Amino acid sequence: QEKDAELLSKVKGAMVYPLVVLVVMGAVVAFMLIKVVPQVEQLYAGLGGGADLPLITKILIGFSKILINFWYIILAVIGLAIFFGTRWARTAGGKTGIDRIKMSAPLIGPLFMKMYMARFARTGTTLVASGVPLIQMLEITSDSIDNVHIEASLHRAIEKVKGGKALSESIEHDPNFLPLVPDMLRIGEQSG
């Protein structure tokens, strides 16, 4: 648990900087839309001459007007989305969807996959070294990983192992495991 908590803190620490950058970018865009774009619109209106504004400028002015005039509705929609999103995340379908996103998201997906594989390897190693039988180790490990997709893969692997297959073969072509994991397991099985 200590190693897992240390790994989680490293993952959270690695995600703080991109999150701060996104928040600052959002604040800058909001400032530009609320303060700068209306001034640009007044500048063009003051020039006169009947020149037609470019399409992108018109779109930006439209966004600016929506943000200035309907900010309370936008905040209410964001608040409702957060409220219902957190409620949905607690359901079985929500957990399944969020776990899939964690595993396949462009930047954080590989990080989560490595974390899940480390958790699987560390927990499995500790249990096997303590003399826990392989099937029982897989059942305990599947509960400790905290990802429904990897848990389901481990339950499928348990059935294959009960049927006589090696653990490395049971998870070899499973997309929920990194390719290195069955290779490492195979080496462990061959070397005893």
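Our subject is the structure listed above.
Remember, it's a predicted structure, so these values are computed and weren't measured experimentally.

Rules used in this analysis
Every chain is numbered independently, its residues counted from 1 as its sequence is written. Reporting of local features is limited, given that this is a predicted model, to residues whose pLDDT is at least 70; pairs of side-chain atoms are given and counted only at 80 or more, and all residues count toward the totals for whole chains, interfaces and linings. The side-chain values count all of the structure's non-hydrogen atoms but skip hydrogen atoms and water molecules. Only one rule defines a salt bridge in this text: a Lys or Arg side-chain nitrogen within 4 Å of an Asp or Glu carboxyl oxygen. Put simply, DSSP H or I for four residues or longer makes a helix, DSSP E for two residues or longer makes a strand, and each gets a number counted from the N terminus. The cut-offs for exposure are 20% and 50% of the maximum accessible area for each residue type, with area from a 1.4 Å probe on protein chains only; residues under the lower value are buried, those over the upper are exposed, and the others partly exposed. Residues form patches when they are more than 30% accessible in relative terms and have no salt bridge. Like charges link within 9 Å. Nonpolar side chains (Val, Leu, Ile, Met, Phe, Trp, Tyr) link within 5 Å. Using a 1.4 Å probe, the Shrake-Rupley method yields the accessible areas, and only the shown protein chains count as cover for residues.

### Overview of the pattern of salt bridges
Part 1 of the argument: In this structure the tally under the stated criterion is eight salt bridges.
Part 2 of the argument: For the salt bridge of D146 with K95, the shortest nitrogen-to-oxygen distance reads 3.4 Å. Taken as a pair, D146 in the loop between α6 (134-144) and α7 (148-162) and K95 in helix α4 (residues 92-104) lie far apart in primary sequence, 51 residues in all.
Part 3 of the argument: The partly exposed category is assigned to D146, whose relative accessible area is 43%.

### Observations concerning a nonpolar patch on the surface
Part 1 of the argument: Together, L55, I59, F63, I66, F70, W71, Y72, I73, L75, V77, I78 and I82 give the surface a local cluster of nonpolar side chains, amounting to about 1200 Å² of exposed area.
Part 2 of the argument: Broken down by secondary-structure element, the contributors of at least two residues to the nonpolar patch are α2 (55-69) and α3 (71-89).
Part 3 of the argument: Per-element tally for the nonpolar patch: the top contributor is α3, with seven residues.
Part 4 of the argument: On the basis of relative accessibility, which here comes to 42%, the residue I59 falls in the partly exposed class.

These figures capture arrangement, not role.
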